[in-house]
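Structure assessment
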Amino acid sequence: MISISQRAKDIPVSATRVLLPFADVAKKSGKNIYHLNIWQPDVSTYDQVFSRLRESLPEKGYIPYWPAIWTEELRKAVSGFYKNIMNIDLSIDSIIMTIWASEAIDIALNIVCDTDDKIIVFEPFYANYLTSAHTQKVSFVWVECKQESGFSLPNSQDIEKKITEKTKAILLCSPSNPTGYIATEKELRELLDVCKKHNLFLVVDEVYNIFSYDSQFTSILQIPGTDEHVIVIDSVSKRYNLCGARIGMFISRNKEVLWAAKKYCKRRLSLPMLESQAAITALSAPQEYYESLLEIWKKRRDCLLKGLQDIPGIEYQVPAGAIYLFLKLPVDDAFVFSKRLLTDFEYEWSTVMLAPWVGFFTNPDTWKKRVRVAYVKNEKTLQEACLCLKKALEVYNSQTTKSLEKKWFVTNI
Ligand SMILES: Cc1ncc(COP(=O)(O)O)c(C=O)c1O
């Protein structure tokens, strides 16, 4: 019998989409779903992008290939963003444009590892890293960030204990998806010292770089002496709400790394042509754009925190950045609860979709009460979603204590 490969069968499920089939059924039955499971914000895209897109429509009757990596105007726009907004000097030679951030992550894993080499990753982690590791044939070694210490990075000794001859890099996401933790300058310096001592690369996913609310975000690119070791991943998806444009960035000052990355990019011949134009305009947004954006996101975070205050039994760390909160629920298994929110619950014809623990970590014992909440919707929706979640927990806990199997269903309580 014909069959697909074992490794295709083994591709990890997307943690943020695993419950989508249940959500589809719920929607068909007429339920409204508050989507707190995934990044699909209702914040407007940076508006200048639309006129640029209209102007960019080709006059000839076809959409041409667009340079695979060396679009100078686009790389100048990236360099301008880093100079004007991040206060970081970046020559355009250190920037390679990619198709989405995940291409940049895959390229980074390929460049730093041979097959079966190992990368140290902090847990909990961005779920799609697992798929990248799987497809790029790299193994991850986990070091846990403790909830008691606000998900701060483990100390150097704990990291060094995990380093073997096979270890080739450390992968960090800051600001973090899913915890919102922002690595401090001290932590970044320590990580870099570990990398220098053991000859490792440091790959830092900074796609949420401007999303910092209470503490200062430090980019690894701001730490001196990073040239040989550091690769930074960036994307236009989050900052400009251009998720569908699929434009990412691979940044390094290591010439050999850049040389190898270009070879990977040339294979796919082109960047998306229209989206590249959109990205040029977006990356040239003035300081005021970022200020107003941050105001919107901070209000959303604070609105979520206020809504959560009314829910008994939950635990969380206030996220300093990104757009997520990693919530501990008063349930045995947050996956079961999240699924049943979709299949068996409604409050005023609505329910909440969450991203449960699967895929964010490797150790269910520590984390299985956790869900990731993406505060991507407007404040009214967040308030309604929090109320809905509160009602669901009340009913779920009162019924599951009597019988785990008992169906639970609520309307307008
Ligand atoms: C930490 C992190 N890295 C990378 C990505 C992927 O970004 P892109 O939309 O450019 O593929 C995401 C998307 O959610 C993310 O959260």
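**Description of the sheet that holds strand E8 (residues 247–252)**
Strand order across the open sheet formed by 7 strands is E2-E8-E7-E6-E5-E3-E4, with mixed pairing between neighbours. The outermost strands of the open sheet, each flanked by one partner alone, are strand E2 (95–99) and strand E4 (139–144). Ignoring strand direction, the axes of neighbouring strands in this sheet form an average angle of 25°. Direction of pairing for strand E3 (residues 118–123) relative to E4: parallel, over a ladder of 6 bridges. Bridge pairing links Val121 to Trp142 in E4.

**Brief notes about unusual backbone geometry**
Residue Glu123 is joined to Pro124 through a cis peptide bond whose omega torsion reads 5°. By secondary structure assignment, the location of Pro124 is in the loop between E3 and helix H6 (128–136). With an omega of 25°, the peptide bond running from Asn177 to Pro178 counts as cis. Among the secondary structure elements, Pro178 is positioned in the loop between strand E5 (167–173) and helix H8 (185–198).

**Here's the deal with the sheet that holds strand E12 (residues 370–374)**
If you trace the 3 strands from one edge of the open sheet to the other, you get E9-E12-E11, paired in antiparallel fashion. At either end of the open sheet lies a strand with only one pairing partner, and these are strand E9 (324–328) and strand E11 (355–356). When E9 meets E12, the two strands line up antiparallel, connected through 5 bridges. Its bridge partner being in E12, Leu325 is matched across the sheet by Val373.

**Some thoughts on the pattern of salt bridges**
Tallied over the full model, the rule gives 20 salt bridges. Here Lys83 ties to Asp89 by a salt bridge, and the two come within 2.9 Å at their closest N and O atoms. Note that Arg189 and Glu185 form a salt bridge whose closest N and O atoms lie 2.8 Å from each other. Of this pair, Arg189 and Glu185 both sit in helix H8, 4 residues apart, which is roughly one turn of the helix.

**Some words on the site of the ligand**
Taken together, 13 residues lie near the ligand, and Asp205, Tyr208, Ser235, Ser237 and Lys238 sit nearest. The protein chains hide 93% of the 400 Å² of surface that the ligand would expose on its own. Among the elements that make up the shell around the ligand, the one with the highest residue count is helix H5 (residues 100–112) (3 residues). Its residues assigned to classes, the shell around the ligand comprises 6 nonpolar, 4 polar and 3 charged.

**With respect to the packing of helix H2 (residues 20–28) against helix H12 (residues 334–343)**
Contact pair H2 / H12: the axes reach a minimum separation of 8 Å and the direction vectors enclose 20°. It follows from the interaxial angle that H2 and H12 lie roughly parallel. Of the two possible hands of crossing, H2 and H12 adopt the one that is left-handed. In contact with Phe22, Ala23 and Ala26 of H2, H12 contributes Lys339, Leu342 and Thr343.

**Some details on the confidence of the model for the protein**
Here the protein averages 91 in pLDDT, while 96% of its residues score no lower than 70. This model gives residues 401–413 a pLDDT under 50, and the stretch forms 30 contacts once residues within four places in sequence are excluded.

**A closer look at the state of the cysteines**
Here a disulfide denotes one covalent bond, and it connects the sulfur atoms of two cysteines. Tallying each qualifying case throughout the model produces 0 disulfides. Here Cys173 is not cross-linked by a disulfide; its sulfur's nearest cysteine counterpart is in Cys145, at 11 Å. A residue is classified by how much of its surface remains accessible, and Cys173, at 13% relative accessible area, is buried. No disulfide involves Cys195; its sulfur sits 12 Å from the nearest other cysteine sulfur, which is in Cys113. Residue Cys195 is classed as buried on the basis of its relative accessible area, which comes to 0%.

Thresholds, definitions, all that
- Within any chain, residue numbers begin from 1 and follow the written order of that chain's sequence.
- Whole-chain, interface and lining totals are the exception, using all residues; otherwise, since this is a predicted model, local features are given only for residues with pLDDT of at least 70 and side-chain atom pairs are given and counted only at 80 or more.
- The side-chain figures draw on all heavy atoms in the structure; neither hydrogens nor water molecules are used.
- Strand pairing follows a simple DSSP-based rule, namely that at least 2 bridges must link the two strands.
- Every helix listed is a DSSP run of H or I at least four residues long, and every strand listed is a run of E at least two residues long, numbered separately from the N terminus.
- Where helices are involved, their axes are fitted lines through C-alpha atoms of the stretch in contact, as for all axes, and angles between N-to-C directions lie from 0 to 180°.
- In the sections that follow, a salt bridge refers to a side-chain nitrogen of Lys or Arg positioned within 4 Å of a carboxyl oxygen of Asp or Glu.
- Near, as used in this document, describes a residue that has one of its heavy atoms within 4 Å of the molecule or strand being considered.
- A 1.4 Å probe and the Shrake-Rupley method give the accessible areas. Residues count as covered only by the protein chains that appear here.
- Side-chain classes are defined by residue name, with Ala, Val, Leu, Ile, Met, Phe, Trp, Tyr, Cys and Pro counting as nonpolar, Asp, Glu, Lys and Arg as charged, and the others, Gly among them, as polar.
- Throughout this description, any angle smaller than 35 degrees is read as roughly parallel, any larger than 145 degrees as roughly antiparallel, any in the 65 to 115 degree range as roughly perpendicular, and the remainder as oblique.
- Rotating anticlockwise by less than a right angle from the far helix to the near helix defines a left-handed crossing, while the corresponding clockwise rotation defines a right-handed one.
- Residue contacts are defined here by distance: any two heavy atoms, one from each residue, within 4.5 Å place the two residues in contact.
- Confidence of the prediction at every residue is given by pLDDT, a number between 0 and 100.
- Defined by distance alone, a disulfide is two cysteine sulfur atoms within 2.5 Å.
- Each residue is assigned to one of three classes by its accessible area relative to the maximum for its type, calculated with a 1.4 Å probe on protein chains only: buried under 20%, partly exposed between the two thresholds, exposed over 50%.

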